[in-house]
Amino acid sequence: MEEIHIQFPDKASLTFPKGIPAGEALKVWGQGPLNGMVAARFEGELIDLPAKLMRDGELRPLSEKEPEALEILRHSSAHLMAQAVKELFPEVQIAIGPAIEQGFYYDFGKKEPFTPEDLPRIEERMASLSRQKIPMVREELPRQKAIDLFASQGESFKVALLQDLEDPMVSLYRQGNFTDLCRGPHLASTTQIRFFKLTQVAGAYWRGDERNPMLQRIYGTAFFEKKALEDHLHRLEEARRRDHRRLGKDLDLFSLHDEVGPGLVIYHPKGALLRTILEDFEKKEHLKRGYEIVIGPQLLRADLWKKSGHYENYRELMYFTEIDGQSYGIKPMNCLAHMIIYKSKIRSYRDLPKRYFELGTVHRHEKSGVLHGLMRVRQFTQDDAHIICTPDQLQDEIRGVLDFVAYVMKIFDFAFEVEISTRPEKSIGSDEDWERATQALSQALEANGLSFSISEGEGAFYGPKIDIKLKDALDRRWQCATIQCDFTLPERFDLHYIGPDGERHRPVMIHRVILGALERFLGVLIEHYAGAFPTWLAPVQAVVLSVTDRTLTYCRGVHQALIQAGIRADLDIRNEKLGLKVREAQLQKIPYMIVIGDKEEEQQRISPRTRTGENLGLWTLPQFIDRVREESLPGKPAEP
Ligand SMILES: [Zn+2]
Ligand SMILES: [Zn+2]
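Report follows, based on the coordinates. Bear in mind the structure is a predicted one, so any value in this text is a computation, not a measurement. Counting restarts for each chain, with residues numbered from 1 along the sequence as it is written. As a convention, the first chain written is A and the first ligand written is 1, with the rest following in written order. Whole-chain, interface and lining totals are the exception, using all residues; otherwise, since this is a predicted model, local features are given only for residues with pLDDT of at least 70 and side-chain atom pairs are given and counted only at 80 or more. With hydrogens and water set aside, each side-chain value is computed from the structure's full complement of heavy atoms.

1. Some remarks on the packing of helix α8 (residues 269–288) against helix α15 (residues 518–528)
- Lines fitted to C-alpha atoms define the axes, with helix axes restricted to the stretch in contact, and inter-axis angles between N-to-C directions lie between 0 and 180 degrees. Only DSSP runs of H or I covering at least 4 residues are called helices, and only runs of E covering at least 2 are called strands; the numbering of each starts at the N terminus. Two elements in contact, α8 and α15, have axes separated by 11 Å at closest approach and are oriented at 115 degrees. One element, α8, and the other, α15, form an angle in the roughly perpendicular class. The crossing of α8 and α15 is right-handed. Facing Leu274, Arg275, Leu278, Glu279 and Glu282 of α8, the residues of α15 in contact are Leu518, Glu519, Phe521, Leu522 and Leu525.
- Ten residue types, Ala, Val, Leu, Ile, Met, Phe, Trp, Tyr, Cys and Pro, are classed as nonpolar, four, Asp, Glu, Lys and Arg, as charged, and the remainder, Gly among them, as polar. A per-class count over the contact of α8 with α15 returns 6 nonpolar, no polar and 4 charged. For this classification, under 35 degrees means roughly parallel, over 145 means roughly antiparallel, 65 to 115 means roughly perpendicular, and everything else is oblique. Crossing chirality is assigned from the near helix's rotation relative to the far helix, an anticlockwise turn below a right angle marking it left-handed and a clockwise turn marking it right-handed. Every residue pair with non-hydrogen atoms within 4.5 Å of one another is taken to be in contact.

Quick look at the structure:
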């Protein structure tokens, strides 16, 4: 019998018959069953425990503790759910069922949507299948055979997926009489799937394209431990409570309408005010750091987009229109006008760096399936800037942007994570430039003492980038800042500066945003603060509440005085009970309520209360104005 030599993490090397299952080899090495073993890694590649080892190599167990293990559990849970659904609803077709960040989903071809009442039934069936300890078995076969198999079962989505593949051999996973097309790896048995919950039903277009049939999606999640599942469900509940779409309606901040068009946001007065506060903050901070504010047009000739490479690399996401027989593109990015400003003069090395800042509104044709409240929209405004500098200045400029990001994240009380994204498949520019730019980004991060991870192939088409993901109050990650290095656009647009040697030189360009899309950032802020904005951000900072009609004149006077002092104040003099007015103001999450009755008028005082219910006693108006002004400085505490 042929033998193979297997290396283990402790450097032990053991000899086995060729074809031994990975799980068996690990048991021999560990001298017994390994606790919490989910899969294995052979020569760095994840494999199933029953996978047969056919050659020499290094083998290590993958335990429940490792992040890939959770992904395998969830992916396996998606299969289990599909099996349960097929048993309960034999007429449905299966489409795709991946693991995602928070759990998993599966898309089914089914005319009628699933109802929330279906979920407990499906969960019950999953639990019963789990108790039956059904092995999950991998099988490899020629692609055509797999097509025939799924065609015979009427699984047309699987057939379509297989027809798109080029591999001659494909893998299937079977558990009982359920078969799925899948690369794996999977758990060895359904018995390992114990702590799961189906969370939501939704519609989703096949391949995310609205021209395709609508599928019925079920979301779920799974964990290795009961406690982890419970914590997660608690967080989900909290996320529902904070959902920016719900709060956006309750607080009357913004709305989205089908008759207007998907992904197009309408800001109501309070939402527009909130955004204005954010924009004012940004303008001030940029001016402080030597940026110049510029404004470019929405439409630019298509020829210019061809020159920049956007037409070739970004066209699917752009909108085009025609004016006087000429083709124009609506800008998906703000870079081009900024370069034209730069080119409008001869620049000397002494003029550099130039930092052009624009609250630039852009349009991108995102697929309707990915649109989501304010988080993913088709028209949005970025706090965008382009820094044009000499190659020598590049690292300092990147460091300056990183300092800026850190400052702003502290103002909003966000922790953040950093990632460098390298060259994608579809890209322009020389290898040397990509290498140089990637170096500059990582060196700047190191110089600023920031740790980072690397995401291969995720860069923009014109250069590598630093992505910054903030962590919100629920420990969720949101993309905000990006810093991208670009050697290509300066080349294409023939940007130059006169160096100390009197010669023309090519500058480098940095594209960067700090908050990113303001729409998304506002969505994140709404959820982060659960709508209870700190005083400096609150669109309404105080509301004056009358107790009796006798004091209306005094109420109006106080309200006017607050407005004159620059405080964002409302007035509620409806003939309603004070209790009701206070409750409504609390639901609107207004930081301060100013109660005015006979006593307040007699003593020429006011009685402020906070939205958390604290009664501050009798104050003079200037005292209160001072306090709110103090709290109106960016970054002041969330609760007054
Ligand atoms: Zn799978
Ligand atoms: Zn740009």
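2. Here we look at the side chain of Arg568
- As for its placement among the helices and strands, Arg568 is situated in the loop between α16 (552–564) and β30 (569–572).
- Here the term buried applies to any residue with accessible area under 20% of the maximum for its type, exposed to any over 50%, and partly exposed to those in between, with areas from a 1.4 Å probe on protein chains only. In this charge count, Lys and Arg are treated as positive and Asp and Glu as negative; neither His nor the chain ends contribute. The working definition used for a salt bridge is a side-chain nitrogen of Lys or Arg within 4 Å of a carboxyl oxygen of Asp or Glu. Buried charge without a partner: Arg568 forms no salt bridge, and the closest opposite charge is Asp280, 7.6 Å away.
- Engagement of the side chain of Arg568 in a polar contact is seen with the backbone oxygen of Ala538, the distance being 2.9 Å.
- Every residue in contact with Arg568, bar those within four places of it in the chain, is listed here: Leu273, Ile277, Thr535, Trp536, Leu537, Ala538, Pro539, Val540, Gln541 and Ala542. A 3.5 Å cut-off defines polar contacts: any pair of N or O atoms within that distance qualifies, except that in protein one atom must be a possible hydrogen donor and the other a possible acceptor, and neighbouring residues in sequence count only when both atoms are side-chain atoms.

3. As for the coordination of the zinc ion (ligand 2)
- Coordination shells were defined by N, O and S atoms within 2.8 Å of each metal, extended to 3.2 Å for Na, K and Ca; water is absent from the atom set, which can make sites look incomplete. Distances from the zinc ion (ligand 2) to its protein donors, Cys335 (SG), His386 (NE2) and His511 (ND1), fall at 2.0 to 2.3 Å.
- All donors of the zinc ion (ligand 2) belong to a single chain; written as a sequence motif, their spacing is C-x50-H-x124-H. Of this pair, Cys335 sits in helix α11 (residues 335–343) while His511 sits in strand β28 (residues 508–517), and the two are 176 residues apart along the sequence. Accessibility classification places Cys335 together with His511 in one group, the buried group.

4. A short note on the pairing of strand β20 (residues 354–363)
- Burial analysis of β20 places 9 of its 10 residues in the buried class, which makes it a mostly covered element.
- A pair of strands is treated as paired once DSSP finds two or more bridges between them. Summarising the sheet, strand β16 (residues 292–293) and β20 pair through 2 bridges and their orientation is parallel. Bridge pairing in β20 places Glu292 opposite Tyr356.

5. With respect to helix α5 (residues 156–164)
- Buried residues of α5: Phe157, Lys158, Val159 and Leu162, and no others.
- Among the structural elements, β6 (93–94), β8 (103–109), α4 (143–152), β10 (169–175), β11 (178–181) and β13 (214–223) are those in contact with the buried residues of α5.

6. Considerations on the environment of Val201
- Position of Val201 relative to the elements: it lies in strand β12 (residues 195–205).
- A relative accessible area of 26% means that Val201 is categorised as partly exposed.
- Residues Val201 and Phe16, 185 residues apart in the sequence, show an inter-C-alpha distance of 48 Å.
- Look past the residues within four positions of Val201 in its chain and what remains in contact with it is Phe114, Thr115, Leu119, Arg217 and Ile218.

7. Describing the packing of aromatic side chains
- Each Phe, Tyr or Trp ring (for Trp, its six-membered ring) is paired with any other whose centre lies within 6.5 Å, and the angle between the two planes then decides the class: stacked below 30 degrees, edge-to-face above 60, tilted in between. Throughout the structure, instances matching the rule amount to 17 aromatic pairs.
- Taken together through their ring pairs, the aromatic side chains of Phe281, Phe412, Phe414, Phe521 and Trp536 make up a single cluster.
- Any Lys NZ or Arg CZ that is within 6 Å of a ring centre and within 35 degrees of that ring's normal is treated as a charge sitting over the ring. Above the face of the Tyr105 ring, Arg217 is positioned so that its terminal group lies 3.7 Å from the ring centre.
- One cation-aromatic arrangement involves Arg347 over Tyr342; the distance from NZ or CZ to the ring centre is 5.3 Å.

8. A closer look at the coordination of the zinc ion (ligand 1)
- In this structure, His75 (NE2), His79 (NE2), Cys182 (SG) and His186 (NE2) serve as the protein donors to the zinc ion (ligand 1), at separations of 2.0 to 2.6 Å.
- Here the zinc ion (ligand 1) is ringed by 4 donor atoms whose angles at the metal span 83 to 129 degrees, and the overall shape comes out irregular.
- Each donor residue of the zinc ion (ligand 1) belongs to the same chain, with the gaps between them written as H-x3-H-x102-C-x3-H. With respect to class, Cys182 is no different from His186; both count as buried. In this scheme the shape depends on donor count and angles: four donors with every angle between 85 and 135 degrees give tetrahedral, four or six donors with opposite pairs above 155 degrees and others between 65 and 115 give square planar or octahedral in turn, and any other case is irregular.

9. A closer look at the pairing of β8
- Buried residues dominate β8, accounting for 7 of its 7 residues.
- Taking every second residue as pointing to the same face, both faces of β8 are buried, with Gly103, Tyr105, Asp107 and Gly109 on one and Phe104, Tyr106 and Phe108 on the other.
- Sheet analysis places β6 next to β8, joined by 2 bridges and oriented antiparallel. Paired with Gln93 across the strands is Gly109, a residue of β8.
- Summarising the sheet, strand β7 (residues 99–100) and β8 pair through 2 bridges and their orientation is antiparallel. Bridging from a neighbouring strand, Ile100 pairs with Gly103 of β8.
- The hairpin turn running from β7 into β8, its antiparallel successor, is 2 residues long.
- Strand direction decides the pairing type here: β8 and β13, joined by 5 bridges, are antiparallel. Residue Phe108 lies in a different strand from β13, and its bridge partner there is Gln216.

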